[in-house]
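One-letter residues, chain by chain:
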Amino acid sequence: MAEPVRARRLTDEEGRRLQAIVRRGTHSSVRVRRATIIMASASGTPVPAIARLVAADEDTVRDVIHRFNEIGLACLDPRWAGGRPRLISVEDEQFLLTTARTRPAKLGRPFTHWSLRKLSAYLADNPDHTVTVGRERLRQLLHAHGISFQRTRTWKESTDPDKEAKLDRIEYVTSTFPNRCFAFDQFGPLSIRPTHGVGWAPRTRPWRLPATYTRTHGVRYFHGCYSLGDDQLFGVVRRRKSGQNTLAALRTIRATRPDSAPIYVVLDNLSANKTPKIRKWAARNRVELCFTPTHASWANPIEAQFGPLRSFVMGNSNHPNHPVLARKLQAYLRWRNANARHPTVLAAQRRERARVRAERQQRWGRPRTHAA
């Protein structure tokens, strides 16, 4: 029996980039959907559940996962179109890219960064490997490979000494016990203010939201739970993050499996999630707490589920108060859990769309490509 398709383990930088794309949802639909697929797969969500989450065919989900395992985050921007014949070889292009990513001082040049003119001149005058390329073509090649001229930034990597062990454990429980594996996390802070989003509207007449200058309602936090085996998302809005609220959520999760067999809960490495009272209760009730490494919350399977929640409930909204916002969240959760489309229905829809595309290509005599 073949192994289930799953994305490889993410690096800290990859996890943060995917989490930002999924949570903000400000990128193109192709990038957001592909980032959701990768992050959900890397955190242990099975392919059928991911297909229902992004409303895609299972084969499409597998193709995106395989592509990520091959080329990394470059798969977020697929290149379907062709182009003119290559004028430089693959070896020349790889040497060009390697040189662009190398500090000039290491190559004997007295400056701290390349400009297009300096880089083009160095490549043309290099006796070991000469590459003749114009500045505009050089800029296009760098842009095509995701290399841009940008300011330096700081970076942060997980310093958790048990990082690999924690990630190994999360991968094991999500792969081996999906029907007994849950994910828990706090989503927020949620404030009462007009929140921009997207929506269909007449051209040049977008929906408008009022500006806000005072916020007197305070903030709330959505304590969410996701069942991997059932593909169900549920939760409740709380005033704050606390050990008492986390314990209440864990008791609710334990009640969904009333038998005596153990369950596994993936949650962030937050102090409110691992109080002595919570640890004692978990030991008595056969609940294994699988903590994500520090600064690696992207390993939590529920993170991929928060993207649609933010987009369809928080985006393009102007809720008057927190009770209304809480009711909207619960209404969306009920709709989401009741309207998860069956994989066979999705497959039939994909086949029908493929047939329509084939007829259109025959009619117009040109191929058309669509995003995953």
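Model, not experiment: these values are computed from the prediction.

Cut-offs applied
Residue numbering note: each chain is counted from 1, following its sequence as written. Where local features are concerned, this predicted model is filtered to residues with pLDDT of at least 70; where side-chain atom pairs are given and counted, the filter is 80 or more; whole-chain, interface and lining totals use all residues. To obtain the side-chain values, all non-hydrogen atoms of the structure were used and water was disregarded. Strands pair, by our definition, only if DSSP identifies at least two bridges between them. Numbering of helices and strands runs from the N terminus; a helix is a DSSP stretch of H or I covering at least four residues, while a strand is a stretch of E covering at least two. Note on definitions: angles span 0 to 180 degrees between N-to-C directions of axes, and those axes are lines fitted to C-alpha atoms, for helices only across the stretch in contact. In this text, buried Ala, Val, Leu, Ile, Met, Phe, Trp, Tyr and Cys residues form a nonpolar core when linked through side-chain atoms within 4.5 Å. With a 1.4 Å probe rolled over the protein chains alone, any residue whose accessible area is under 20% of its type maximum counts as buried; one over 50% counts as exposed, and the rest are partly exposed. Any two residues whose heavy atoms approach within 4.5 Å at even a single point are treated as in contact. Stacked, edge-to-face and tilted are the three classes for Phe, Tyr and Trp ring pairs, Trp counted by its six-membered ring, which pair at centre distances within 6.5 Å; planes under 30 degrees apart are stacked, over 60 edge-to-face, the rest tilted.

Some remarks on the sheet that holds strand 3 (residues 232-238)
In a beta sheet, neighbouring strands are held together by backbone hydrogen bonds and run either parallel or antiparallel to one another.
Then comes step 1: With respect to topology, five strands assemble into an open sheet ordered 3-2-1-4-5, the strand pairing being mixed. Each edge of the sheet is formed by a strand with only one pairing partner; in this case those strands are strand 3 and strand 5 (287-291). With strand direction ignored, the average angle separating the axes of adjacent strands in the sheet is 25 degrees.
Then comes step 2: Here strand 2 (residues 219-227) pairs with strand 3 via seven bridges, running antiparallel. Each bridged residue has a counterpart across the sheet, and for Tyr 226 the counterpart in strand 3 is Leu 233.

Structural notes on the nonpolar core
Then comes step 1: Core analysis: the biggest nonpolar cluster contains 53 residues, and Leu 18, Ile 38, Val 61, Phe 222 and Leu 309 have the highest contact counts within it.
Then comes step 2: Residue contacts for Ile 38: discarding those within four places in its chain leaves Ala 7, Leu 10, Leu 18, Val 64, Phe 68, Cys 75 and Leu 76.
Then comes step 3: Of all hydrophobic cores here, the second largest spans 16 residues; its members include Leu 247, Ala 249, Val 265 and Ala 282.

A look at the packing of aromatic side chains
Then comes step 1: By the definition in use, this model includes seven aromatic pairs.
Then comes step 2: Relative to Tyr 122, the ring of Trp 114 lies with its centre 5.3 Å away and its plane at 45 degrees, an arrangement referred to as tilted. Comparing Trp 114 with Tyr 122 shows no difference in burial state: the two are buried.
Then comes step 3: When the centroid spacing of 5.9 Å and the interplanar angle of 80 degrees are considered together, the rings of Tyr 172 and Phe 177 count as edge-to-face.

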